[in-house]
Amino acid sequence: MNGQAKILEPRRLYQQVADQIRDLIDGGEFQPGTRLPSERDLAQKLGVSRPSLREALIALEIDGSVEIRMGSGVYVSTETAARQASTRSLGDSPSELMQARSTLEGATIVLAASRIDEAALVTLRGTLDEMRKEIEAGRKPLDQDRKFHATIAEQSGNTVLARLVGDLFDDRHSPISTQLRVRFEDRGTWTFALQEHEAILAALESRDPLLAQAAMRIHLESSRRRWIDT
């Protein structure tokens, strides 16, 4: 046995679902230029959840197999040469990513709530003020969003947790997460996120760990629904 044998990365669920859809296209069930069945019908046909199906369709859009037309549906690409044999990894599942963030940041903020100092609270307030200005200017406040979550994680006093929170947040820049953000984030979704951040900050200011944890989990679950379940 070759000790240098390459370890294959497990295929993510959205990759598997995307390959199922591609097989149906290549098998002639869905012709180039035609619209795919509704999301509900296609999810039932494949036996998968709608969030997993959405991620698969985004992956297929990235590689050119389908075209997503907002308000109209998903259409098989007429550029058949663009299709690949199988879906490449485009990053972690956005749905799983948000679930992981909720678990990790929900625990981290409990530690932070009991240790946070006044300087950090001032930093968080300033960050939300900057976030509001970016939203009002029609820009996406990604830097301010990251700073808010990273500052809270740093206040936990645990450098490992702080690093993991930052790493998970930065996974938003993977190809599949970026494409979802382009399609589904807008001024309205960011306004909701800002309101949720305000609730988190209020809980931290009151030094209430359980309220802070609830506010963080509500925020991340709401973000997941806006991002994945739209």
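In this report, the structure presented in the accompanying data block is examined. If you're wondering where the values come from, they're calculated on a predicted model, not measured in any experiment. (Residues numbered from 1 in each chain as written. Predicted model: local features only at pLDDT ≥ 70, side-chain atom pairs only at ≥ 80, totals over all residues. Heavy atoms only, no water.)

In this section: the pattern of salt bridges. A full pass over the atoms with the stated rule returns 19 salt bridges. Here R172 makes a salt bridge to E185, at a shortest N to O gap of 3.0 Å. Placement of the pair is R172 in the loop between helix 7 (159-170) and helix 8 (175-184) and E185 in the loop between helix 8 and helix 9 (187-205), with a sequence separation of 13 residues. By the burial criterion, R172 is buried, and E185 matches it. Here the residues in one salt-bridge network are R125, D129, R132 and E198, joined through shared partners. (Salt bridge = Lys/Arg side-chain N within 4 Å of Asp/Glu carboxyl O. Helix = DSSP H or I, 4+ residues; strand = E, 2+ residues; numbered from the N terminus. Buried < 20%, exposed > 50% of the residue type's maximum accessible area, 1.4 Å probe, protein only.)

Moving on to the pairing of strand 1 (residues 66-69). In summary, the side chains of a regular strand alternate between the two faces of the sheet. Covered by surrounding structure in strand 1 are V66 and I68 only, the residues E67 and R69 on the alternate face being uncovered. Relative to strand 2 (residues 73-76), strand 1 runs antiparallel, the two sharing four bridges. Residue E67 lies in a different strand from strand 2, and its bridge partner there is Y75. Counted between consecutive antiparallel strands, the loop separating strand 1 from strand 2 contains three residues, among which G71 sits at a positive phi close to 85 degrees. (Pairing = 2+ DSSP bridges.)

To continue, consider the packing of aromatic side chains. Scanning all chains against the criterion turns up zero aromatic pairs. One cation-aromatic arrangement involves R172 over F169; the distance from NZ or CZ to the ring centre is 5.4 Å. (Phe/Tyr/Trp six-rings, centres within 6.5 Å; stacked < 30°, edge-to-face > 60°. Lys NZ or Arg CZ within 6 Å of the ring centre and 35° of its normal.)

This paragraph deals with the packing of helix 8 against helix 10 (residues 209-228). Axis separation between helix 8 and helix 10 bottoms out at 9 Å; the angle between their running directions is 80 degrees. Here helix 8 lies roughly perpendicular to helix 10, going by the angle between them. Here S177, L180, R181 and F184 of helix 8 lie close against helix 10, whose contacting residues are R226, W227 and I228. Class assignment of the residues belonging to the contact of helix 8 with helix 10 gives a composition of four nonpolar, one polar and two charged. (Axes fitted to C-alpha atoms, helices over the stretch in contact; angles between N-to-C directions. Parallel < 35°, antiparallel > 145°, perpendicular 65-115°, else oblique. Contact = heavy atoms within 4.5 Å. Nonpolar A, V, L, I, M, F, W, Y, C, P; charged D, E, K, R; others polar.)

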